[in-house]
Amino acid sequence: MPDTIFTPTYLILLGGPGAGKGTQAQWLMVYLGLVRVASGDLFREHVRSRTELGQSAQRYMDSGELVPDELTIAMVMDRLSRADCRYGAIFDGFPRTVGQAEALDCALAEHGWRIATVIDLQVPFATLMERLSGRWICSVCGGTFHATMNPPREVGRCDFCGNALYQRTDDKPETVANRIQVYMRQTAPLELYYQQRDLLDLIDGTQSVAAVQVAIRGALTQRRLHP
Ligand code: ADP
Ligand code: ADP
Ligand code: ZN
C-alpha cells in the first residue's frame, strides 16, 4: 500500500461476468480521478507476458474457474503498492470470494482505511449470457462494446482510439455458463458480506449504459463520494 498523508478512496464494482463492471469503470475512473484495478486484466497481462503467475492462472481462466485466492490476493496487493494507487482505486472483478474480501479489509485496516462503497450491478443469468456472447473489447484502450446492444460506430473498430476490437476466448458459451455458476457459488455470498457492513449499493444493471451511470452517480452522492 502506498504511503500517503490523506485517506484514499476504494470502491468495489460487484456483479456477474458481463454485468457491466468494465463499462461503468471506464467513466468512473475519469469522474473520480481513480485508477481501475481489474484482476481479470492483470491476469491476462501475466498470461500474455508468460510470467510464472500467468502460466499458473491460465488453466483456471480457460475453464472459467477462479484462480486460487493466494495468487490473486498477492497480485492485487502488488498492484495496490504502485504509486498511481495513492488516491485509491476502483476494483473491478476483485474481490470474488469471501477470503479475498477479508484479505482486502485487513490490508486496508492496517492503515486505518476501509472500502467506501460496493456498487452491485444486478443482471439476470440470461442477460449475462447474451451480453458476453456479443462482447467486443479494444486491444489497446480496453473500450468495451456489444455487437447489438452497444455497437461501435464502425464494425471491429474502437470508438475511443480507432484500434481493432477482439473477442475474449473465455466468452464462448460453454465457459460463460460455468463462469456464471462460479459467480453464483463463490462471489454472490459477498453481497451479504458487504450488506452486513452497510456498504452495499444495489443497482439495476439491466438498464441502458447511461441509466446505470445515473444510478451509480446517485449512490455515490448518497455516500458523499462525488468529486
Ligand atoms: P469478467 O469481467 O467477464 O467477469 P474477468 O476479466 O474479471 O471476467 O475475469 C476473467 C477470469 O480471470 C476469471 O474467469 C477468473 O479465472 C480470473 N479472475 C479474475 N479475477 C479474479 C479473482 N478476483 N479471483 C479469482 N480469479 C479471478
Ligand atoms: P463486465 O466487466 O462486468 O464483465 P462489461 O462491461 O465487459 O462487463 O460488459 C459486458 C458486455 O455487455 C459488453 O459487450 C458491453 O458492451 C455490454 N454492456 C455493458 N453494460 C450494458 C448495458 N447497460 N446495456 C447493454 N449492454 C451493456
Ligand atoms: Zn480503444
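Our subject in this report is the structure included herewith.

Procedures and definitions
Position labels on residues start from 1 in each chain and follow its written sequence. Chain letters and ligand numbers both follow the written order, the letters beginning at A and the numbers at 1. Totals for whole chains, interfaces and linings use all residues, but because this is a predicted model, local features are given only for residues with pLDDT of at least 70 and pairs of side-chain atoms are given and counted only at 80 or more. To obtain the side-chain values, all non-hydrogen atoms of the structure were used and water was disregarded. For two strands to count as paired, DSSP must find a minimum of two bridges between them. Only runs of H or I of at least four residues qualify as helices and only runs of E of at least two qualify as strands under DSSP, and these elements are numbered from the N terminus. Here the coordinating atoms are restricted to nitrogen, oxygen and sulfur within 2.8 Å of the metal centre, or 3.2 Å for Na, K and Ca, and because water is not among them the sites may look incomplete. Any coordination sphere not matching a tetrahedral pattern (four donors, all angles between 85 and 135 degrees) or a square planar or octahedral pattern (four or six donors, opposite donors over 155 degrees apart, other angles between 65 and 115) is reported as irregular. Each residue's exposure class comes from its accessible area (1.4 Å probe, protein chains only) as a fraction of the maximum for that residue type: buried when under 20%, exposed when over 50%, partly exposed otherwise. A single heavy atom is enough: if one lies within 4 Å of a molecule or strand, its residue is considered near that molecule or strand. Here a polar contact is recorded for every N or O atom pair within 3.5 Å, except that within protein the pair must consist of a potential hydrogen donor and a potential acceptor, and residues adjacent in sequence are included only if both atoms are side-chain atoms. Values of accessible area rely on a 1.4 Å probe in the Shrake-Rupley scheme; residue burial ignores everything except the protein chains shown.

1. Here's the deal with the sheet that holds strand β6 (residues 144-146)
Within the open sheet, the three strands sit side by side as β6-β5-β7. Their pairing is antiparallel. The open sheet has two edge strands, β6 and β7 (165-166), and neither has a second partner.

2. Digging into the environment of Ile90
Mapped onto the fold, Ile90 is located in strand β3 (residues 88-92). It is 18 Å that separates the C-alpha atoms of Ile90 and Glu45, two residues lying 45 residues apart in sequence.

3. Concerning the coordination of the zinc ion (ligand 3)
Bound to the zinc ion (ligand 3) on the protein side are Cys138 (SG), Cys141 (SG), Cys158 (SG) and Cys161 (SG), at distances that span 2.3 Å. Around the zinc ion (ligand 3), the four donor atoms sit at angles spanning 99 to 118°, and that spread fits a shape best called tetrahedral. Coordination of the zinc ion (ligand 3) draws on donor residues from a single chain, spaced C-x2-C-x16-C-x2-C in sequence. Highlighted residues: Cys141 in the loop between β5 (135-138) and β6 and Cys161 in the loop between β6 and β7, separated in sequence by 20 residues. The partly exposed category is assigned to Cys161, whose relative accessible area is 35%.

4. Points about the site of ligand 1
Taken together, 20 residues lie near ligand 1, and Ser39, Arg44, Glu65, Gln100 and Arg179 sit nearest. Contact distances for ligand 1 include 2.8 Å between a nitrogen atom and a side-chain N or O atom of Ser39. In this structure, a nitrogen atom belonging to ligand 1 sits 3.1 Å away from a main-chain N or O atom of Val67. Starting from 560 Å² of accessible surface for ligand 1 in isolation, the protein chains cover 96%. Listed by contribution, the elements that provide at least two residues to the shell around ligand 1 are α2 (39-48) and α3 (52-63). Per element, the largest residue contribution to the shell around ligand 1 is four residues, and it comes from α2.

5. Side note on the site of ligand 2
Taken together, 18 residues sit near ligand 2, with Lys21, Thr23, Arg135, Phe145 and Gln207 positioned nearest. Here an oxygen atom of ligand 2 sits 2.8 Å away from a polar atom, N or O, in the main chain of Gly18. In the model, an oxygen atom of ligand 2 is placed 2.6 Å from a nitrogen or oxygen of the Phe145 main chain. Counting residues per element, the ones that place at least two in the shell around ligand 2 are α1 (21-32) and β6.

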